[in-house]
Amino acid sequence: MFSSPRLPRILPSRGLSPKLVSVLQVTPMALVYITLVLVPLGLIFVVSFLDYNFAQVFPELYLETWIDTLTSDLTLSLYLKTFKFLIIVWCICAPLGFAIAYFLAYHIRTNWVRTLLVAAIAIPFWTSGPIRMVSWVPLLGREGLVNQALMGLGLVDQPVSWLMYSEFAVIVAYVQMLTMPMIATSLNSMAKIKPSVIQAAEDAGASEWQIVRDVIFPLVRPGLAIGTVIIVTAVMGDVFMVKYMGGSQVNTVGMSIITDLNAFMYPPAAAKSVLLLFVVLTIVLALLRFADIRKELRQ
C-alpha cells in the first residue's frame, strides 16, 4: 500500500492586513487611471485659464477665454445643435433598439437563430469607420440609389442634395452606429428576466402590451439607461461622423474644438473641452437617478 503524500500545511499570512492587500491590488489600476486620465484632464483644465497668442501659451492667468466660452452666442448655438442631434438620435435608437431586442428575446425561440441575427446586426461594425461612411455615398449621393429611385418614380425632377453631406446624413449615420449598442444593452437586461415572471403575468390575464409596459420595461430600464449613456457620450463628443457625413457644412461642439486646435488656439479648445465634459457628466449623473446602472453592471 502506498501512503498518500503529506501536503505542506499552509499557514495564514500574518504580515499583511486584508485592507493593505486590497490597497495593493487596486494600486496598479489606480496609477494607470491617474496617469492616463486625471493628469491629462488636470493639464487641460490648467491650460484653459492661461493666456495665449498664435501657437503660443503664456503662464499667465487669463479669464477672458472662459468668459467668451460661457457667454458666446456661438457656444449656445453649437450646444443647441448638438442637443438636437442627441435628442433625435435617442428618440429613434431607443424605441428601435428596444423593439428589436424584444423581438430577439421573446419571439425568436431558437438560440442559434437568435445568435445568427445578432451577428448579422453586428457585421457592419466589423469594418472600419471610414469604410462605413464611404458606403453611404452610393446610397445617398446625388447619383445614388435613393435619388435614382425618386427620379425613376417621378417624385423629383432633379437629385435631392440634402440626402448626403447634411444634417440628415449625420443623423442617419448616428442611428446606424448607435442602434446596435441600444439593442445589446436592452437584450442583456431582457436575458436576466426570469421566464417565471413573464409566465405569472400571462397567468394573471395580462396582454402582451401590458406585459411589456408593466413588467419588461421597468426591468429593462437600466439597460436602456446604459445605452443612453453610450449615445450621449458618442454624439456629444463626436467629430468623425460630423466631418465625413456633414461634408464640413455641419458644426457641433466637437467640431468647434477641432477648429480651435487646428488654429493652435489651445486655451479656448481646453475650455470648451472642460465644459463639454461637465455637460456630459451632468447628463450621466441624471441618468444614474433614473436607473441603477451600477447594479446592472455588477450582475
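Fair warning: this is a prediction, and the values are worked out from it, not measured in the lab.

Asks: Even after reading the chapter, I still don't get the UniProt feature "transmembrane region" (unreviewed entry) in the protein, so can you show me in this structure?
Replies: When the UniProt feature table is mapped onto this chain numbering, "transmembrane region" (unreviewed entry) sits at residues 20-50, 83-104, 116-140, 160-184, 223-245 and 265-288. Helix makes up 90% of residues 20-50 and strand 3%, with an end-to-end C-alpha separation of 41 Å. In residues 83-104, helix accounts for 100% and strand for 0%; the two terminal C-alpha atoms are 31 Å from one another.

Asks: How do you make sense of unusual backbone geometry when you look at a structure like this?
Replies: Across the chain, the bulk of peptide bonds are trans and the bulk of non-glycine residues have phi less than zero. Non-glycine residue Tyr165 carries a positive phi angle of around 55°. Take Tyr165: it is sitting in the loop between α7 (145-152) and α8 (167-191). Phi angles above zero are rare outside glycine, and Phe264 is one such case at about 60°. Turning to its location among the elements, Phe264 is positioned in the loop between α12 (253-262) and α13 (266-290). Accessibility expressed as a relative area gives 36% for Phe264, which makes it partly exposed.

Asks: Whenever I open this one, the UniProt feature "domain: ABC transmembrane type-1" (unreviewed entry) in the protein confuses me. Can you help?
Replies: Within the UniProt annotation, "domain: ABC transmembrane type-1" (unreviewed entry) is assigned to residues 79-287. As a span, residues 79-287 carries 77% helix and 0% strand, and end to end its C-alpha atoms are 19 Å apart.

Asks: Before we go on, may I ask you to explain the environment of Gly223 in this structure?
Replies: Of note, Gly223 is situated in helix α10 (residues 208-237). Taking the relative accessible area as the measure of exposure, Gly223 reaches 0% and is therefore buried. In the structure, Gly223 is positioned 40 residues away from Ile183 in sequence and 9.1 Å away in space, judged by C-alpha atoms.

Asks: I keep staring at the side chain of Thr252 and nothing clicks. Help me out?
Replies: Inspection of the secondary structure assignment puts Thr252 in the loop between α11 (240-246) and α12. With sequence-adjacent residues up to four places away left out, Thr252 is seen in contact with Leu78, Thr82, Phe85, Asp238 and Val242.

Asks: Honestly, the side chain of Ser166 in this entry has me stumped. Any pointers?
Replies: Looking at the element boundaries, Ser166 is found in the loop between α7 and α8. A distance of 2.4 Å separates the side chain of Ser166 from the backbone oxygen of Trp162, its partner in a polar contact. Residues within four places of Ser166 in sequence aside, it is in contact with Met245, Gly246 and Val250.

Asks: Explain the state of the cysteines to me, please; I cannot follow it from the model alone.
Replies: Think of a disulfide as a covalent bridge from one cysteine sulfur atom to another cysteine sulfur atom. Tallied over the full model, the rule gives zero disulfides. Here Cys91 is not cross-linked by a disulfide; its sulfur's nearest cysteine counterpart is in Cys93, at 9.8 Å. Of the residues examined, Cys93 reaches a relative accessible area of 0% and is grouped as buried.

Asks: So what exactly am I meant to see when it comes to the packing of helix α3 (residues 73-106) against α8 here?
Replies: What describes two packed helices is the angle between their axes and the distance between those same axes. Axis separation between α3 and α8 bottoms out at 6 Å; the angle between their running directions is 40°. With respect to α8, the element α3 is oriented oblique. As α3 packs across α8, the resulting crossing turns out to be right-handed. The residue inventory of the contact of α3 with α8, partitioned by class, reads 24 nonpolar, three polar and three charged.

Asks: Honestly, a nonpolar patch on the surface in this entry has me stumped. Any pointers?
Replies: Taken together, the side chains of Tyr33, Ile34, Leu38, Val39, Leu41, Leu43, Ile44, Leu277 and Leu281 make up a nonpolar region of the molecular surface, amounting to roughly 770 Å² of accessible area. The set of elements that each furnish at least two residues to the nonpolar patch consists of α1 (18-47) and α13. By residue number, the principal contributor to the nonpolar patch is α1, which donates seven residues. Mapped onto the fold, Tyr33 is located in helix α1. Residue classification places Tyr33 among the partly exposed residues on the basis of a relative accessible area of 44%.

Asks: Just checking my understanding: could you explain the nonpolar core for this structure?
Replies: Side chains of nonpolar character tend, in soluble globular proteins, to be buried together. Core analysis: the largest hydrophobic core is formed by 64 residues, its most contacted members being Tyr174 and Ile216. Where this core is concerned, the elements lending two or more residues are α3, α8, α9 (195-203), α10, α11, α12 and α13. With residues up to four places along the chain from it excluded, the contact list for Tyr174 reads Phe85, Val89, Val235, Asp238, Met241 and Val242.

Asks: So what exactly am I meant to see when it comes to the pattern of salt bridges here?
Replies: Pairs can form between side chains of opposite charge whenever their charged atoms are close. With the rule as written, the count across this model stands at four salt bridges. Asp214 serves as the salt-bridge partner of Arg213, at 3.0 Å between the closest nitrogen and oxygen. With relative accessibility at 42%, the residue Arg213 sits in the partly exposed group. On the basis of relative accessible area, Asp214 is assigned to the partly exposed category, the value being 48%. Between Asp260 and Lys272 there is a salt bridge, and its shortest N-O distance comes to 2.8 Å. Of this pair, Asp260 sits in helix α12 while Lys272 sits in helix α13, placing them 12 residues apart in sequence. Accessibility expressed as a relative area gives 16% for Lys272, which makes it buried. In this structure, a network of salt bridges that share partners links the residues Lys81, Lys84 and Glu167.

Rules of the game
- Residues numbered from 1 in each chain as written.
- Predicted model: local features only at pLDDT ≥ 70, side-chain atom pairs only at ≥ 80, totals over all residues.
- Heavy atoms only, no water.
- UniProt positions renumbered as here; feature names shortened; annotations may be inferred.
- Helix = DSSP H or I, 4+ residues; strand = E, 2+ residues; numbered from the N terminus.
- Buried < 20%, exposed > 50% of the residue type's maximum accessible area, 1.4 Å probe, protein only.
- Contact = heavy atoms within 4.5 Å.
- Polar contact = N/O pair within 3.5 Å; in protein donor to acceptor, adjacent residues only side chain to side chain.
- Disulfide = S-S within 2.5 Å.
- Axes fitted to C-alpha atoms, helices over the stretch in contact; angles between N-to-C directions.
- Parallel < 35°, antiparallel > 145°, perpendicular 65-115°, else oblique.
- Left-handed = near helix turned anticlockwise from the far one by under 90°.
- Nonpolar A, V, L, I, M, F, W, Y, C, P; charged D, E, K, R; others polar.
- Patch = residues over 30% accessible without salt bridge, like charges linked within 9 Å, V, L, I, M, F, W, Y side chains within 5 Å.
- Areas by Shrake-Rupley, 256 points an atom, 1.4 Å probe, with all protein chains shown as cover.
- Salt bridge = Lys/Arg side-chain N within 4 Å of Asp/Glu carboxyl O.
- Core = buried A, V, L, I, M, F, W, Y, C linked by side-chain atoms within 4.5 Å.

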